[in-house]
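Single-letter residue listing:
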Amino acid sequence: MELSYGDVKAAADRITGHVRPVAIASGDAIATNGELWLALEFMQHTGSFKARGARNFIQAHQDDGTLPDAGVTIASGGNAGLACAWAAREQDVRATVFLPTTAPLVKVERLRGYGADVRLVGAEYADALAACREFADTSGALPSHAYDNPYIAAGAGTLMVEIHHLLPQLDTIVVAVGGGGLFAGVATAADHYGVRTIAVEPEHCRALHDAIQAGRIVDATVDSVAADSLGARRATELALRAAQNYDVTSVLVPDADIIAARLALWQDRRLAVEHAAATAVAALTTDAYRPEPGERVCVVLCGANTDPADLAR
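Rules used in this analysis
- Residues numbered from 1 in each chain as written.
- Predicted model: local features only at pLDDT ≥ 70, side-chain atom pairs only at ≥ 80, totals over all residues.
- Heavy atoms only, no water.
- UniProt positions renumbered as here; feature names shortened; annotations may be inferred.
- Helix = DSSP H or I, 4+ residues; strand = E, 2+ residues; numbered from the N terminus.
- Rg over C-alpha atoms; globule rule 2.2 N^0.38 Å.
- Buried < 20%, exposed > 50% of the residue type's maximum accessible area, 1.4 Å probe, protein only.
- Contact = heavy atoms within 4.5 Å.
- Arc of directions from axis to C-beta.
- 1 Å grid on protein atoms, 1.4 Å probe; cavity = no way out; pocket = protein on both sides within 12 Å on 5 of 7 lines; lining within 4 Å.
- Points joined across faces, edges and corners; volume = space filled by probe spheres on them.
- Pairing = 2+ DSSP bridges.
- Axes fitted to C-alpha atoms, helices over the stretch in contact; angles between N-to-C directions.
- Nonpolar A, V, L, I, M, F, W, Y, C, P; charged D, E, K, R; others polar.
- Phe/Tyr/Trp six-rings, centres within 6.5 Å; stacked < 30°, edge-to-face > 60°.
- Salt bridge = Lys/Arg side-chain N within 4 Å of Asp/Glu carboxyl O.

In the annotation of an unreviewed UniProt entry, the chain is listed under the name Threonine/serine dehydratase and assigned to Nocardia vinacea. Comment text from UniProt for the chain, heading Cofactor (unreviewed entry), reads "pyridoxal 5'-phosphate".

(A) Highlighting the overall build of the chain. Along the chain, the regular secondary structure elements total 12 helices and 10 strands. The C-alpha atoms of the chain give a radius of gyration of 18 Å, which matches the 20 Å a tight globule of 313 residues would have. Referenced to the eigenvectors of the C-alpha coordinate spread, the extents of the chain come out at roughly 55 × 45 × 40 Å. Counting across all 313 residues of the chain, residues that qualify as buried make up 54%. Long-range pairs, those at least 24 residues apart, make up 71% of the contacts in the chain between residues at least 6 apart in sequence.

(B) Main features of helix α1 (residues 5–15). Turning to α1, its buried residues are Val8, Ala11, Ala12 and Ile15. Projected onto a plane normal to the axis of α1, the buried residues spread over an arc of 100° and lie on a single side. Among the structural elements, α2 (50–64), α6 (150–166) and α7 (181–192) are those in contact with the buried residues of α1. Immediately beyond the C-terminal end of α1, within one or two residues, lies glycine 17, with a positive phi of roughly 95°.

(C) A look at unusual backbone geometry. Although it is not a glycine, aspartate 92 sits at a positive phi angle of roughly 55°. The exposure class of aspartate 92 is exposed, given its relative accessible area of 75%.

(D) Inspection of the layout of surface pockets at higher detail. In this model, the second largest pocket occupies a volume close to 200 Å³. As for the second largest pocket, its lining consists of 13 residues, of which Thr16, Pro21, Val22, Thr158 and Glu162 are closest to the centre. Elements represented by at least two residues in the lining of the second largest pocket include exactly α1 and α6. In terms of residues, the lining of the second largest pocket owes the most to one element, α6, which gives five residues.

(E) Representation of the sheet that holds strand β6 (residues 142–143). One open sheet holds the four strands; their spatial order is β5-β4-β3-β6, and the pairing between them is parallel. Each having just a single partner strand, β5 (117–120) and β6 make up the two edges of the open sheet. Pairing between strand β4 (residues 95–99) and β5: four bridges, direction parallel. Directly across from leucine 99, in β5, lies its bridge partner leucine 120. Contacts from helix α4 (residues 105–113) reach β4 and β5, with the element oriented near 150° to β5. Running over the sheet, helix α5 (residues 125–139) touches β3 (72–75), β4, β5 and β6 and is turned about 160° from β3.

(F) Focus on empty space enclosed by the protein. Under the criterion given, the structure shown has two cavities of 30 Å³ or more. Of the pockets and cavities examined, the largest cavity occupies roughly 90 Å³. For the largest cavity, the lining is made up of 14 residues, of which Lys50, Gly53, Ala54, His145 and Ile152 are closest to its centre. Looking at the lining of the largest cavity residue by residue, the classes come out as 10 nonpolar, three polar and one charged. Approximately 50 Å³ is the volume found for the second largest cavity. Taken together, Glu2, Leu3, Thr188, Leu238, Arg241, Ala242, Asn245 and Tyr246 make up the lining of the second largest cavity. Take the lining of the second largest cavity: its biggest share by element is four residues, from helix α10 (residues 237–245). In terms of residue class, the lining of the second largest cavity is built from four nonpolar, two polar and two charged.

(G) Here's a closer look at the packing of aromatic side chains. Per the stated rule, a full pass over the model turns up two aromatic pairs. Seen from their ring centres, phenylalanine 98 and phenylalanine 135 are 5.6 Å apart, and the 55° between their planes marks the pair as tilted. One end of the pair, phenylalanine 98, is in strand β4; the other, phenylalanine 135, is in helix α5, and 37 residues separate them in sequence. For phenylalanine 98, a relative accessible area of 3% corresponds to the buried category.

(H) The arrangement of the pattern of salt bridges in detail. Considering all chains together, one arrives at 12 salt bridges under this definition. Residues arginine 296 and aspartate 171 are paired through a salt bridge, measuring 3.0 Å at the closest nitrogen-oxygen approach. Linking arginine 296 in strand β10 (residues 296–301) with aspartate 171 in the loop between α6 and β7 (172–176), this pair joins segments that are 125 residues apart in sequence. Given the relative accessible area of 26%, aspartate 171 is considered partly exposed. Its salt-bridge partner being arginine 234, residue aspartate 219 comes within 2.6 Å of it at the nearest N-O pair. Remark: arginine 234 occurs in the loop between α9 (227–230) and α10 and aspartate 219 occurs in the loop between α8 (207–214) and α9; sequence separation between them is 15 residues. One salt-bridge network, in which partners are shared between bridges, spans Glu41, Arg52 and Glu162.

As structure tokens, this is what we get:
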């Protein structure tokens, strides 16, 4: 299974005007070797890029007549669940979101604020996922996924379409990787524009890096401060194919430098972002990726659903 630029372009045609266009800021204080920009995608609806994929997923099924009356369902208390609930509300579609009973009340309330039917099942995510699958089977609701779906990945890739429009001379895009939905979409569009992709993962959340080395999807350890967003045990086939087919460099960064990059974004720019967003920045601050002189680089700040309490120093 592969993703094409045509898939990303079709997604852009569907969701343009329904998501917030990305804003670009100078990042010259972070790296001085070339020209650097920051893509402020954390300003997106629901606080992360996930809104793009969720909107595209639901809209595509509506357009194809494959969206059931029972609506959509997902097991996720994170960014994907929020995006699914938001997109469903925007398109007048029912959304049923499954969470473990241990989910923080603030997440439950936020999901309900988007109009989702929130169901708390079991003590672990696996319990909620099993209940979600059973609900999809019995109700006919359309199951969504955080990242492992072509419509989700293509929607995420629309971010690169917008970045290229704003920065047509861009050489390199730097993006954090979890399961690989954002990466697959961005790398696919980037290759179409002749832009190199730098895939950044925490040292101990390296599903894509390990898959690239093995030449196949493998299980990876999940142990990082950024695991709440980047903690996929397996990368998707879409992500691996993109890494193998396009101009992609995979790099790893340690947790200590992710934390430092996140704090620096706050102290220097007053940007309160997730550790996942800081992971992409850490590739430059740690020299995991060193741009060539004059290289034009854009770093994606992918989300800001974080507790800013530990930034007040």
